[in-house]
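Geometric and topological summary
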Amino acid sequence: MVGKTKSASKKSSTPPARPSRQPATPKADEIAVRMYRQGLGDCFLLTFPGRERPVYMLIDCGLMLGTEKQLEKMQAVAEDIRATTGGRLDVVIATHEHWDHLSGFIQAKEVFEKIEIGELWLAWTEDPDNELAQKLRRERKAAFAALQRAASRLQAAGSPKASALMNLLEFAGPLGAKPSATTEAALAFIRTRVDRPRFCYPGREPFSLPGVDGVHIYVLGPPENEQLLKKGDPTKRGKEVYELTFATEFTRAFIAALDTAEEPFENLTIDQRRDYELSLPFDRSLQLSIEAAKQEAFFRNRYGFPSDPPMVPPYADELSWRRIDTDWLEMAGSLALKLDNDTNNTCLAIAIELTATGKVLLFPGDAQVGNWLSWADLCWPKDAKPEDSNAITAAHLLARTVLYKVGHHASHNATLREKGLELMISGELVALIPVDEDIARNKKHWDMPFPALLKRLEQKTKGRIIRADCTVSDLKKSPNPNHISPAEWNAFLDKISADQNDELYVEYRISV
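Summarised in this report is the structure supplied together with it. Being a predicted model, the structure only gives us computed values, none of them experimental.

**Points about the sheet that holds strand β11 (residues 349-354)**
Hydrogen bonding along the main chain pairs the strands of a sheet, whether they run parallel or antiparallel. Spatial strand order, β7-β8-β11-β12-β15-β16-β17: seven strands in an open sheet with mixed pairing. If you trace the sheet from one side to the other, it starts and ends with β7 (207-208) and β17 (465-467), each paired once. Both strand β15 (residues 401-405) and strand β16 (residues 430-433) contribute to a ladder of three bridges, which runs parallel. Looking at β16, one finds that L403 is bridged to V430.

Written as C-alpha cells, this is what we have:
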C-alpha cells in the first residue's frame, strides 16, 4: 500500500531537474497514465497508442497555494510534459476553475506557449452560449467578490476568522493577485490555444479520441440541473445530502449587506434594497448606525466606544466585546465553503472506455455529491432504457472501472459510496490519489485523505493505491498487502515506474 505518512516526509524539497529526452512511445497494447507529484493538486498525462503516433491527453495542471517552490515545481512539470509529448498535446481537459487544477497554465505559461494543443475539452458550465452556465458564472463571480470584501473587513477588524476565510478563497488563486494570475486567466489562456473548445454535456453520445482506435469517451457530469449542482455534502450514510442552511436568497442578502456598507441605502436599486432587508435581524426603522450610537451616553458607557473625556470604571473601552459589528461577516466562511463545493460540482467528469477489453478509466475531477448522483440517470445510446440489452449506464461503466482517479484528493464528499465506489467491482481496480497529506493536514487543516474512504479504497483495490506523496521506491519496498496474493501484487508493481529521481511523477500502465 502506498501512502504512509513517513513516506511523504522522504520527498525532496528541491524541484526535479528539467528533463531532456525524446517523446515517450508507449507499447502497442498499453496506455500510460502519468500522475505528477508536484504536491496537492491534479496533473495527469495519458499516453495512448495511436494509429500513426502516440496520442497525448493532459487532464488538469495545477498546485495548491502554500506549497513551497510551487513556481519551480510547475515549470518542471510543464517541461516534462513538453519533452514527453514532443511539444504536442492532442487533448487538454480543464475539469473546473480551481487553482490546484489550473495554476500550471499561469506558472509555466512560457512552456505551454511552446506546446501545440489539438483540442480543449471543457464542461458545459463554461459554454458562453448556455444560459444556465452564464447565470452560474455571474453568481459565482458576485459571490467571490463579496467574500473578498468580507475577508478584508474581517482582517481590518482583527477577527481570527479572517485567515481561515482567505485560505478558502485561495481556490481561485492568490488573493490580491493581478488579473493575469487567476484561474479565470488560466482558463482564458488555454482557450486561446484552440479555435473553439469542445463543451461536454452529460449523457450525449460517446465520442472517440482523435487518432486512436478503440477508445470511447463518456461524459458523466456536471449535471444540467441547478439543484444537483448545488448538492455538495453527503449524510453519514452517504446516500443523501444535506444542504447548508442558507439558500440563494440569503446569499444575495449577504452580498447586498456588504454593498450597503459602501453605498447609501437610498442609492440602491429596488432589488438590492429587498435583498438587503432580508439580511436584517429586525426592521430597518429600528436600526441605529455606529456613528449615531457613539453620540448617545447609553451606548458610549456600555459598548466601549471611545469618549472624550475618557470613561472611568465601570464604563471603560474594554466593553467593546459587547459589540457585534462584524460578527455577521463570519458567515462568509460558510458561504466560501459552499462556493468552493459548488465549483467542484461543475467538474467535467469522464469515463474512458477501452472497447477491446471493456476496461474503464474514471476521471471525475473534484466532482462532489450532486454531480455523482446525476450519473444514475444517464443511459447510452440515446433513447435507450436501462433494461435494454444494449444499454450502457453509469453503473455499467463503474463496474468495469480498473483505474479510479480519486476525487478531490480523497476528501469525504467527492467519492460517493453506494452509487460510487461500491459499484466499482473490478478485480483489477487501482486508485490514484493526487494528495500531499502533509500540506493538506498541517497547512490547510483539511482531512485528506479521509480515513474511512482510504480504508475502503484499500479494501476495494486490494491495496493497489498510488499516492502522489509517496515514492515508487517506497511502494516497491512495502510489504505485500493482506488483501492480495504475492503474484497479483508483483504484477501490479511491474506496471509502475517513475522518473529517474523518483520525484517528479509516477506512471501506471494499463493493457488495452
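**So, the pairing of strand β3 (residues 55-61)**
In terms of residue burial, β3 counts as a mostly covered element, since seven of its seven residues are buried. The pairing of strand β2 (residues 43-48) with β3 spans six bridges and is classified as antiparallel. Each residue of the ladder has a partner; that of L46, found in β3, is M57. The turn joining β2 and β3, which pair antiparallel and follow one another in sequence, is formed by six residues. Of the pairings in the sheet, the one linking β3 to strand β4 (residues 88-93) comprises three bridges and is parallel in character. Bridging across to β4, L58 finds its partner in V92. For the handedness criterion, the β-α-β arrangement of β3, helix α2 (residues 70-85) and β4 is classed as right-handed.

**Quick notes on the side chain of D499**
For D499, the location among the structural elements is in the loop between β18 (496-498) and β19 (505-511). The buried charged residue D499 lacks any salt bridge partner; its closest oppositely charged side chain belongs to R37, at an N-O distance of 5.5 Å. Excluding its chain neighbours within four sequence positions, the residues that come into contact with D499 are L504 and Y505.

**A short note on the sheet that holds β2**
Taken in spatial order, the eight strands of this open sheet run β6-β5-β4-β3-β2-β1-β19-β18, and their pairing is mixed. Lying at the two open borders of the sheet, with one neighbouring strand each, are β6 (198-200) and β18. Here the strands of the sheet are splayed against their neighbours by 20° on average, with no regard to which way each runs.

**Here we look at helix α6 (residues 131-156)**
The terminal C-alpha atoms of α6, which comprises 26 residues, lie 38 Å apart, in line with the 38 Å expected from a rise of 1.5 Å per residue. Looking at α6, one finds that the buried residues are A133, L136, R140, A143, F144, A146, L147, A150, A151 and L154. The backbone nitrogen of L132 has a side-chain oxygen 3.0 Å away, supplied by the residue at the start of α6, namely N130.

Definitions and limits used
Residues numbered from 1 in each chain as written. Predicted model: local features only at pLDDT ≥ 70, side-chain atom pairs only at ≥ 80, totals over all residues. Heavy atoms only, no water. Pairing = 2+ DSSP bridges. Helix = DSSP H or I, 4+ residues; strand = E, 2+ residues; numbered from the N terminus. Buried < 20%, exposed > 50% of the residue type's maximum accessible area, 1.4 Å probe, protein only. Right-handed = clockwise from strand over helix to strand, strands pointing away. Lys, Arg positive; Asp, Glu negative; His and termini not counted. Salt bridge = Lys/Arg side-chain N within 4 Å of Asp/Glu carboxyl O. Contact = heavy atoms within 4.5 Å. Axes fitted to C-alpha atoms, helices over the stretch in contact; angles between N-to-C directions. Expected span 1.5 Å × (residues − 1). Polar contact = N/O pair within 3.5 Å; in protein donor to acceptor, adjacent residues only side chain to side chain.

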